[in-house]
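Coordinates in review
So you can see what is in the structure, the chains are spelled out below.
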Amino acid sequence: MSDALNPSLGRSTALPVESAWSGAGRHAIVLVQLLLAIAVIQLYSIEGPAFRKLFILATAGFAVNLVLPKAARLPFFVALSLGGAVLIFGAVDAAWLIGTGLVLIGLCHLPVGFYIRVAILVAVGVGLAVARAGLVASPWSAAVWPILGAMFMFRLALYLLAVSRPDPKADRKVWWALAYFFMLPNLVFPLFPVVDYQTFRRTYYDKPAAHIYEQGLVWIARGLVHLLLYRFVYYAVLNDPIDVVHLSDLVQFMLGTFLLYLRVSGSFHLIVGLLHLFGFRLPETHKLYYLAHSFTELWRRINIYWTEFMMKTVFYPTYFRVKKLGPERALVLSTTAVFFTTWILHSYQWFWLRGGFPLTWPDTLFWGILGLLVVLGALRESRATKKPKTGVKGWDWRLGLHAVRTFSFFCFLWSLWSTQSVTEWLWMMGSAFRVDLKGVLMVIAAFGILFALGGRDWAAVRTRPAWIDALLQPAVRTAAMLLALLAVGQPALQATTPPLVASALGALHTTGLNTRDAALQHRGYYEQLEVRGQVNAQAVDVVGRGGEHWQDLSQLGVLRERRDILLRDLYPSKSVLWNGHHFSTNRWGMRDQDYEQAKPARSLRIALLGPSHVMGNGVGDGETFEALVEAKLNEALVPAQYAKVEILNFGVDGYALSQQVAMLEDRVFAFHPDLVIATHYQRNRFMTERYLVKVVDSGVAIPDQNMAALIARAGLVNVGRRGLPVPFGAGRAVVRWAGFDARMPSGEAEARARWVAEDVLVSSMRRFKAVATAHHVPAAILALNAVIDDVPLEIPNLAVMREQHLPVLDLFDVFPKADRPALRVAPWDDHPNATGHRLIADRLYAAIVPLLNQLAAERAAAAPAGGASPSTTGQ
């Protein structure tokens, strides 16, 4: 690299033209690779629109940075970062973010003693925490909180420690402080590595510039690969704890949950790679953590910045205070303090990013057991006799075994951390005793791969042919990774591959939540940090423009709890304002206009049953597709065929098909409908699972004997809130024998409900047809989802509908993929908005008119000569 183009040298020296062109050429290659990275980010929609904006801004900023003198580069980075805040958050929120940050930085420089400054910062932090908890209103939107927290919750401590010591470079401290806290990538990544302030300064252009830029591109490409691998794992590999039945399911869950950490390592590689583009040659954040040979080694590798943060702020201060107790005791106490602090600080981090402060038993056990293993490993290391190195081996079977042992047990621990409760985890562990051939093969394959890779000394120096070294150059590796990602992401390639490969490639393009998380919005610790309250997945408008005040229907006093098989319905004659829309119910408890119970003469009356998107979550009165279709039918069929057309909306938030059938039996026939329509949707089976657990929990009578028999077959008993949650029937029997009350824990109840949910759903579909037929009313199925992305190619249970001769109004995939974001009520709420309801109404009208004509023809044919059809009698 030429001196003339090396900003790490503070002079401009004339060099041969070919040397300058060589340096310029390397920079040009970096720019081309950045453009390739933008193409990859666009192709796969990585991290959402806010990240794409920021990456383009960083690319343009890098180009400008290249031509600036070194003295101007740090101020330029600060200006670019502050400008990026305005681009991402808007002027108002950006002003609050920057202003609050400046106040916090300023408090670190108050001309008072160190401990007084600490006390002042703690007091200010408590005030901000009160606002973060929602106890007082904050002047900025919710999207600012995770980013403000990410910038200051840990780095403020490192900065305060650094500025409290003599600083030989105090003349530029302002620019360094602004650059350190307002790092450009931090604007879209709330989960951010804990960058050390002194390292941040020390590594700034401490190597030739071209080397720093090329290394940054390698890490950007690696981060993109990790994020796409994470997508594959999340959508194609990860299963649900309640789906774990056999050994193979357990192995899949354990591998899937630990591999989800690719989300963190991918994000951190992207972050540090972007900072390299501006000269910050920060060290690696993760290093072969899946191949660690011990728990102490894993702790050092899996999040290097966090480990160093803990060493600097907890381990060393504790060690030097207690070292008089002896080296081993000091080591044990210091390491224990590190893990206790880590346990607390992970909940502290959760608070600033998500607004809660969870301290759960899985969380406590995870950090406690991991801490114990690291302490034991550290003691073993301290007692081991240091042997001189006799040479480096290329592969060692003992290292392979150590890698298998460490990975396996950490998967075991990580699975505990990824479940909602210890009892759910214990219930899931029981599947290890249900051994299947697939599970055995999966264990052998996983152990074999880890044994082979973990036994290799990846740090060993090896002699390679020159052509291999050429292929391993940073520019070549980066270009190869980016071009490969662009190639495999082409739809034409996906269309030519076998179904299994096509499904895997399709997972790389999928965004949002997988099926289970879309319903529960529950993931492991790091995944849950990303579900809501973060800006980079859906841009600032995910929660930044009103999402913090988003109301759930259960908060408004509209839902009425019942002590029967319905479980709940809507209060009659209610009118509330719900997220800016009027929500009203009539005297019969329907989200609809008022109707007389007696059907008017010569009228056509349709009863529509369904869940929240039928009821009309997120739209105002009169904007539901039911109301719109009713208006269309009145325009088309009145007065030629009928005096009036009425569609009665019996939809209730959260209703499974079983509840729709219960509603049909409870009240619908009192309104003398000419047609009843139940709604089937993609998440119907999952809602049926939840419904079954609630039915058993509530202890209500189950009039449907088929459903009662299926619940008994699943062993769903004692799910209430009384008694100790104990997994397995044998375990509960032992507890009761000891004189204590025991109940089935929720994880086991959900798993048992899943075993029979499909059968209950099919039984409810048949019962819907049978009940309607018994009342001489035609029945049909409306296949309609909310605005979801995981729409299957075929409607589930279609064969049953055909068997029962149930006409299907197929609107299962009514929302065009490209238009879905614009058709949702909000980025975090997949109910259709008013535009979405109009789209449904147009399609439903086109589908229902032929059905109504067919039913009218059948009634006319069945009516006696000179008689009137049922729809014209008013009966």
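The shown structure was predicted, so the numbers you read here are calculated from the model rather than taken from an experiment.

Looking now at the overall build of the chain. Of regular secondary structure, the chain possesses 35 helices and 13 strands. The burial tally for the chain puts 52% of its 875 residues in the buried class. Sequence-distant contacts in the chain: of pairs separated by 6 or more residues, those separated by 24 or more amount to 74%.

Among the secondary structure elements, Asn186 is positioned in the loop between helix H8 (173-181) and helix H9 (197-202). Polar contacts involving the side chain of Asn186 include one to the side chain of Arg155, which spans 2.9 Å. Within polar-contact distance, the side chain of Asn186 engages the backbone oxygen of Phe189 at 3.2 Å. Leaving out residues up to four positions away in the same chain, Asn186 has contacts with Ile147, Ala150, Met151, Arg155, Phe181 and Phe192.

Leu224 and Phe280 are the most contacted members of the largest nonpolar core, which has 149 residues in total. Of the residues forming this core, the biggest block, 14 residues, is contributed by helix H10 (residues 209-237). Leu224 has contacts with Ala37, Val40, Ile41, Ile46, Leu270, Leu482 and Leu485, leaving out every residue within four places of it along the chain.

Here the focus is a nonpolar patch on the surface. On the surface, Val435, Leu437, Val440, Leu441 and Ile444 cluster together into a nonpolar patch covering about 490 Å² of accessible area. Mapped onto the elements, Val435 comes out in the loop between helix H18 (422-429) and helix H19 (437-454). Note on Val435: relative accessible area 56%, which makes it exposed.

The next point concerns the packing of aromatic side chains. Taken as a whole and assessed by the stated rule, the structure comprises 63 aromatic pairs. Consider the rings of Phe62 and Tyr213, whose centres lie 4.9 Å apart with planes at 90°: the pair is edge-to-face. Taken together, the residues span a long stretch of sequence, with Phe62 in helix H2 (residues 48-67) and Tyr213 in helix H10 at a distance of 151 residues. Of the two residues, Phe62 and Tyr213, both sit in the buried class. A ring pair is formed by Phe114 and Tyr115, whose centres lie 5.2 Å apart and whose planes are at 80°; its orientation type is edge-to-face. For Phe114, a relative accessible area of 27% corresponds to the partly exposed category.

What follows deals with the sheet that holds strand S5 (residues 603-608). Taken in spatial order, the five strands make up an open sheet running S6-S5-S7-S10-S11, and their pairing is parallel. Of all the strands in the sheet, the pair left with one neighbour each is strand S6 (644-649) and strand S11 (808-811). On average, each strand axis in the sheet is inclined to that of its neighbour by 20°, with strand direction left out of account. Pairing of strand S10 (residues 779-784) with S11, which is carried by four bridges, proceeds in the parallel orientation.

Right, let's talk about the pairing of strand S3 (residues 575-578) for a bit. Every second residue of S3 is oriented toward a common face, the buried set being Val576 and Trp578 and the non-buried set Ser575 and Leu577. Direction of pairing for S3 relative to strand S4 (residues 581-584): antiparallel, over a ladder of four bridges. Considered in S4, the bridge of Ser575 is made with Ser584. What sits between the antiparallel neighbours S3 and S4 is a turn of two residues, in which Asn579 has the positive phi angle 50°.

A rise of 1.5 Å per residue sets the reference length of H2, with its 20 residues, at 28 Å; its end C-alpha atoms lie 30 Å apart and thus fit the reference within 8%. Listed as buried for H2 are Gly48, Ala50, Phe51, Arg52, Leu54, Phe55, Ala58, Thr59, Gly61, Phe62, Asn65 and Leu66.

Below, the discussion takes up the packing of helix H14 (residues 304-322) against helix H15 (residues 327-354). Describing two packed helices takes the angle between their axes plus the distance from one axis to the other. Running from N to C, H14 and H15 cross one another at 135°; their axes reach a closest spacing of 8 Å. Here H14 lies oblique to H15, going by the angle between them. As for how H14 packs across H15, the hand of that crossing is right-handed. Note on element contacts: H15 touches H14 through Pro327, Ala330, Leu331, Leu333, Ser334, Thr335, Ala337, Val338, Thr341, Thr342, Leu345 and His346, opposite Trp306, Phe309, Met310, Val314, Phe315, Thr318, Tyr319 and Val322. Residue composition of the contact of H14 with H15, by class: 14 nonpolar, six polar and no charged.

With that settled, the discussion passes to the confidence of the model for the chain. Per-residue confidence for the chain averages 88 on the pLDDT scale, and 90% of its residues sit at or above 70. Taken together, the stretch residues 1-21 has pLDDT below 50 and engages in 30 contacts with residues farther than four places along the chain or on a different chain. Taken together, the stretch residues 521-548 has pLDDT below 50 and engages in 97 contacts with residues farther than four places along the chain or on a different chain.

Once that is clear, we can look at the pattern of salt bridges. Oppositely charged side chains can pair when the atoms bearing their charge come close. A complete count under the given rule lists 36 salt bridges for this structure. Arg591 is paired through a salt bridge with Asp621; the nearest N and O atoms lie 3.0 Å apart. Here Asp621 lies in the loop between helix H26 (612-615) and helix H27 (625-637) and Arg591 lies in the loop between S4 and S5, a separation of 30 residues in the sequence. Residues Arg767 and Glu665 are paired through a salt bridge, measuring 3.0 Å at the closest nitrogen-oxygen approach. Within this pair, whereas Arg767 is found in helix H32 (residues 746-774), its partner Glu665 is found in helix H28 (residues 657-666), the two being separated by 102 residues in sequence. Connected via shared salt-bridge partners are Arg560, Arg562, Asp564, Asp569, Asp666 and Arg667.

On to the pairing of strand S7 (residues 675-680), then. Consecutive side chains along a regular strand alternate between the two faces of the sheet. Burial within S7 is extensive, with six of its six residues counted as buried. Across the two faces of S7 the burial is the same, with Leu675, Ile677 and Thr679 and Val676, Ala678 and His680 all buried. Both S7 and S10 contribute to a ladder of five bridges, which runs parallel. Within S10, the residue paired with Thr679 across the bridge is Leu782.

What follows deals with the environment of Phe339. With respect to the secondary-structure elements, Phe339 resides in helix H15. Setting aside residues up to four positions removed in sequence, Phe339 forms contacts with Trp299, Trp367, Leu370, Gly371 and Val374.

Next up on the list: unusual backbone geometry. Cis geometry is adopted by the peptide bond preceding Pro639, which originates at Val638 and carries an omega value of 0°. Tracing the sequence through the fold places Pro639 in the loop between H27 and S6. Phi at Glu47 takes a positive value of approximately 65°, unusual for a residue other than glycine. With respect to the helices, strands and loops of the structure, Glu47 is situated in the loop between helix H1 (17-44) and H2. At Asn797, a residue that is not glycine, the phi angle is positive and equals roughly 65°. The class for Asn797 is buried, based on a relative accessible area of 13%.

Relative to the helices and strands, Glu214 is located in helix H10. At 2.9 Å, the side chain of Glu214 forms a polar contact with the side chain of Arg26. Apart from residues lying up to four places away in sequence, Glu214 is in contact with Arg26, Val30, Pro474 and Thr478.

About the cut-offs
Residues numbered from 1 in each chain as written. Predicted model: local features only at pLDDT ≥ 70, side-chain atom pairs only at ≥ 80, totals over all residues. Heavy atoms only, no water. Helix = DSSP H or I, 4+ residues; strand = E, 2+ residues; numbered from the N terminus. Buried < 20%, exposed > 50% of the residue type's maximum accessible area, 1.4 Å probe, protein only. Contact = heavy atoms within 4.5 Å. Polar contact = N/O pair within 3.5 Å; in protein donor to acceptor, adjacent residues only side chain to side chain. Core = buried A, V, L, I, M, F, W, Y, C linked by side-chain atoms within 4.5 Å. Patch = residues over 30% accessible without salt bridge, like charges linked within 9 Å, V, L, I, M, F, W, Y side chains within 5 Å. Areas by Shrake-Rupley, 256 points an atom, 1.4 Å probe, with all protein chains shown as cover. Salt bridge = Lys/Arg side-chain N within 4 Å of Asp/Glu carboxyl O. Phe/Tyr/Trp six-rings, centres within 6.5 Å; stacked < 30°, edge-to-face > 60°. Pairing = 2+ DSSP bridges. Axes fitted to C-alpha atoms, helices over the stretch in contact; angles between N-to-C directions. Expected span 1.5 Å × (residues − 1). Parallel < 35°, antiparallel > 145°, perpendicular 65-115°, else oblique. Left-handed = near helix turned anticlockwise from the far one by under 90°. Nonpolar A, V, L, I, M, F, W, Y, C, P; charged D, E, K, R; others polar. pLDDT = per-residue confidence, 0-100.

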